[in-house]
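As a plain string of letters, each chain reads:
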Amino acid sequence: MQFPESWLRSLCNPSLSTAELAERLTMAGLEVEELQPVAPPFSNIVVAEIVTAEQHPNADRLRVCQVDAGPHSKEGPLQIVCGAPNARVGIKVPLALVGAKLPPGEDGKPFEIKVGKLRGVESFGMLCSARELKLSDDHGGLLELAADAPVGANVRDVLGLDDTLFTLKLTPNLAHHLSILGLAREVSALTGTPLTEPAVPAAAVTLQDCLPVTIAATDLCGRFSGRIVRGINPAANTPAWMVERLARCGQRPVNAIVDISNYVMFELGQPTHIFDLAKVGQGLQVRWARQGETLKLLNGQTVTLDAQVGVIADESGVESLAGIMGGDATAVGDSTRDVYIEAAFWWPKAVAGRARRYNFSTDAGHRFERGVDPAHTVRAIERITELLVAICGTADTACGPIDDQWPAQKAATTLSMRVARAAKVVGMPISQTDCEAVFTRLGFVHRADGDTIHVTPPSHRFDIQIEEDLIEEVARVIGFDRLPDTPPLAPVTARVRVESQRSAHTVRRVLAGLDYQEGIHFSFVEEQWERDLAGNANPIRVLNPIAAPLAVMRSTLLGSLLQAARSNLARKVARVRLFEIGRVFHRDTSVADSDTSVAGVRQPLMVAGLALGTADSPQWGSAARAVDFFDVKGDVEALMWPLRPAFVKAEHPALHPGRCAAVLLDGQVVGHIGELHPRWRQSYELPSAPVVFELTLDSVLKRPVPQAHAVSRQQAVWRDLALVAGDGVTHDELIGALQNDPLGLVKAARLFDVYKPKGGAPDMAAGERSLAVRLELLDEATTLTDERIEAAVAQALERAAQLGARLRSGA
């Protein structure tokens, strides 16, 4: 929130400097993000009135002006040569006297005014534009001052330029500080300086007209107040003081009626809306929108509504987005004579996020979604009425009564705070007298009952909900800077990770050691990726995407990696190896809403990798070859070691039908690995098919605790077998059958050679191949005899025969 210091000090003016005030606010939890002077430094610039303005004898675009600078022109008017198109007799403008210093230029040095001669005519000073004083970018002419500005007065005093703009970075629970009055209350409580609240007299009711209003949704609107004012002048000019204050709050002036509404919002914190009464129907209804209704807003945008958005409507349709923005159809304009002033309390949950659905935000929505004082709607209308009559009033102006409906009035809540607990939480001695003094300064009604203080916060402090909130208020007002530097009393105990699980950081280091580089990508992706790579026809949509293509939440990491690979290829990086650890998002009705989950959405962490290009970096020791399935399969095995995953032929929407495998641990599928489908390789314009994998992070984090085993006293025995098996017999099937020894003698079986002659062999039929397998046999208890070894080998061959494998003749 941005505001001028002078406006705050008009309500509460503590004896603190600007820097001290900023420090006090920051230490009370209202972080002052920036302090910025309203105007840069300059001196010797005064108010002057142009007495005469004649054409320069030697220049068509210059005029020779005689100006009255009051006490600074004792010998008569000063002669100034000026080229501004609006230099004319009677206007009052800033005059830089001889010796004046203008704001620094690009070189950082101030510009000093001296006696000069322009086309043969002497000039004793310079008349200034707003741009030359660096008050704005307007350089179309001289800065015209108010007609009542005193001649000879310092321009800084006349324009109030010795002011500072405060920019606060407020947390969402500090909505009661989103107004000058709210900040003044805070400064008064912090410093003890008296608060001067704006006097808001009740307007005289001179007509009995009321606009009928029906509140059909009390879960949308908690209070609705309105008043009719007739006979105003829409062409009235907004006073300079109001324009100045609004501009210094970052608000652009529009017209007097709109400016008054905005001014009251900044002053009191209550957003309001003013309708052109002639454009409103016979009555208003506060309700939830109906599916498909449309509304053209004041910003020119037409939005389509649904039942999640609150509206104000008449019999012809929707006229305003509740708590966010009014409609164009009922906006005030040059022909407006009668208005309807609306001030309401909208429940924060009914407003939160609605504006962002339509890709805009408003000051009103920002306040309502954080909370507004429901008790001040009538006061805001009275204040608007006062300003409207004073600025836009005519002889025919008449005010109706305020129609105030408060169907959902909440009773004041009383909380209890234990002084002993407050002292314990804050960490310093706090007396009951200190606590009561704080509550008095904050305007909280309170009474003591022994060591307990019962507190009833005022309506504008809707953020006070529990005992800890009261304790925080005590600590804030006393001052966080007074808290002692006390080391913690609790022992510092390291959180030791269980030995059977490693950290995600360790996984990153392992993948980096395998020559992969980490990528970090958005969780929202293109919908096309989800259809192509995950087969997901109904992805979770983003309500307010940061960009039109990034419209859905990802259910796979592969799309992000492929896009990163394409980006690298576009930059001539031919060998790409990437990985990412991140969340994916699946619809799952079994997931309940909690602090760490969203109802209906499962969000597991995954780890995925991609390898594209050559298997190794260029080197002289071996020829370059493209990365293949088995290279990445080895990386996955290294990543999951000492676990031994199984790889089973499978299908995946993103992967090549014949070069894809499911990764299994303990019989459960934990991911997939494979080569990108040729269709997607062509669609994504890749020179070759990358090999990718995607695994659940939980399965990768598992790490079995090492078990100690004594070195065997017996000698292991090895036997090599040459087996002929059909092409349909897989490696895992054969090795599993050989190792499944009921006697427990076969400790391991390893394939070390595959032979398939091109022209065939007499002992092998078509579709068969020779597999060389080494068996390791060991009995921990006794030495193996030849008879037991041969029997174990024979049984292994019988198990292999069940798969159609046989011992090769001559082996």
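**What about the overall build of the protein?**
Secondary structure assignment for the protein yields 21 helices and 41 strands. When its C-alpha atoms are laid out on the principal axes, the protein stretches across 130 × 80 × 65 Å. Across the 811 residues that make up the protein, the buried fraction comes to 47%. Contacts in the protein between residues at least 24 apart in sequence constitute 69% of all its contacts with a sequence separation of at least 6. Carbon and sulfur atoms form 51% of the exposed surface of the protein, whose accessible area is close to 41000 Å². Side-chain charges in the protein split into 82 positive and 97 negative, and the spacing between the mean points of these groups amounts to 5 Å.

**What about the pattern of salt bridges?**
Under the counting rule described, the total for this entry stands at 44 salt bridges. Residues arginine 370 and glutamate 369 are paired through a salt bridge, measuring 3.1 Å at the closest nitrogen-oxygen approach. Residue arginine 421 pairs with glutamate 468 through a salt bridge whose shortest N-O separation is 2.6 Å. Note that arginine 421 is positioned in helix α11 (residues 419-426) and glutamate 468 in helix α13 (residues 467-478), a separation of 47 residues in sequence. Residue classification places glutamate 468 among the partly exposed residues on the basis of a relative accessible area of 32%. Connected through salt bridges with shared partners, the residues Glu186, Arg461, Asp463, Glu473 and Arg476 form a single ionic network.

**Remarks on the sheet that holds strand β35 (residues 655-665)**
A sheet is described by the order of its strands in space; here seven strands give the open sequence β27-β30-β33-β37-β36-β35-β34, paired in mixed fashion. The outermost strands of the open sheet, each flanked by one partner alone, are β27 (517-518) and β34 (646-649). Where β35 and strand β36 (residues 668-676) come together, seven bridges link them in antiparallel fashion. Paired with leucine 665 across the strands is glutamine 668, a residue of β36.

**Looking at the sheet that holds strand β24 (residues 415-418)**
Ordered in space as β24-β26-β25, the three strands form an open sheet in which the pairing is antiparallel. Here the strands that pair on one side only, and so sit at the sheet edges, are β24 and β25 (445-449). Taken over all neighbouring pairs, the strand axes of this sheet differ in orientation by 25° on average, direction set aside. Two elements, β24 and strand β26 (residues 452-456), share four bridges in a ladder whose sense is antiparallel. Its bridge partner lying in β26, serine 416 is registered against histidine 454.

**Overview of the packing of helix α6 (residues 256-268) against helix α10 (residues 377-392)**
One way to put it is that α6 packs onto α10 with a least axis distance of 10 Å and a crossing angle of 140°. Considered as vectors, α6 and α10 are oriented oblique to each other. Read as a crossing pair, α6 and α10 show a hand that is right-handed. Between α6 and α10, the contacting residues are Ala256, Ile257, Ile260, Ser261, Tyr263, Val264, Glu267 and Leu268 on the first element and Arg379, Ala380, Arg383, Ile384, Leu387, Leu388, Ile391 and Cys392 on the second. Split into classes, the residues belonging to the contact of α6 with α10 amount to twelve nonpolar, one polar and three charged.

**Some remarks on the layout of surface pockets**
One number sums up the size of the largest pocket: a volume of about 1200 Å³. Together, 34 residues line the largest pocket, and Lys633, Glu637, Phe647, His731 and Asp732 are the ones closest to its centre. Every element with two or more residues in the lining of the largest pocket is listed here: α17 (629-640), β34, β35, α20 (731-739), β39 (746-755) and β40 (768-777). Across the lining of the largest pocket, the residue classes tally to 18 nonpolar, five polar and eleven charged.

**Section: the environment of isoleucine 546**
Examined against the element boundaries, isoleucine 546 turns out to sit in the loop between α15 (527-534) and β29 (550-553). A relative accessible area of 58% places isoleucine 546 in the exposed class. When near neighbours in sequence (up to four residues on either side) are disregarded, isoleucine 546 contacts Phe522 and Phe524.

**Quick word on the state of the cysteines**
In the structure shown here, the tally under the stated rule is zero disulfides. In this structure cysteine 221 is not part of a disulfide, and its nearest cysteine sulfur, from cysteine 210, lies 17 Å away.

**Regarding the packing of aromatic side chains**
Tallied over the entire structure, the rule returns ten aromatic pairs. For the ring pair phenylalanine 3 and phenylalanine 166, a centre distance of 5.4 Å and an interplane angle of 25° mean the geometry is stacked. Placement of the pair is phenylalanine 3 in strand β1 (residues 2-4) and phenylalanine 166 in strand β11 (residues 164-169), with a sequence separation of 163 residues. Assessed through its relative accessible area of 0%, phenylalanine 166 is described here as buried. A ring pair is formed by phenylalanine 345 and tryptophan 347, whose centres lie 5.0 Å apart and whose planes are at 75°; its orientation type is edge-to-face.

The rules behind the values
- Residues numbered from 1 in each chain as written.
- Predicted model: local features only at pLDDT ≥ 70, side-chain atom pairs only at ≥ 80, totals over all residues.
- Heavy atoms only, no water.
- Helix = DSSP H or I, 4+ residues; strand = E, 2+ residues; numbered from the N terminus.
- Buried < 20%, exposed > 50% of the residue type's maximum accessible area, 1.4 Å probe, protein only.
- Contact = heavy atoms within 4.5 Å.
- Areas by Shrake-Rupley, 256 points an atom, 1.4 Å probe, with all protein chains shown as cover.
- Lys, Arg positive; Asp, Glu negative; His and termini not counted.
- Charge placed at Lys NZ, Arg CZ, Asp CG, Glu CD.
- Salt bridge = Lys/Arg side-chain N within 4 Å of Asp/Glu carboxyl O.
- Pairing = 2+ DSSP bridges.
- Axes fitted to C-alpha atoms, helices over the stretch in contact; angles between N-to-C directions.
- Parallel < 35°, antiparallel > 145°, perpendicular 65-115°, else oblique.
- Left-handed = near helix turned anticlockwise from the far one by under 90°.
- Nonpolar A, V, L, I, M, F, W, Y, C, P; charged D, E, K, R; others polar.
- 1 Å grid on protein atoms, 1.4 Å probe; cavity = no way out; pocket = protein on both sides within 12 Å on 5 of 7 lines; lining within 4 Å.
- Points joined across faces, edges and corners; volume = space filled by probe spheres on them.
- Disulfide = S-S within 2.5 Å.
- Phe/Tyr/Trp six-rings, centres within 6.5 Å; stacked < 30°, edge-to-face > 60°.

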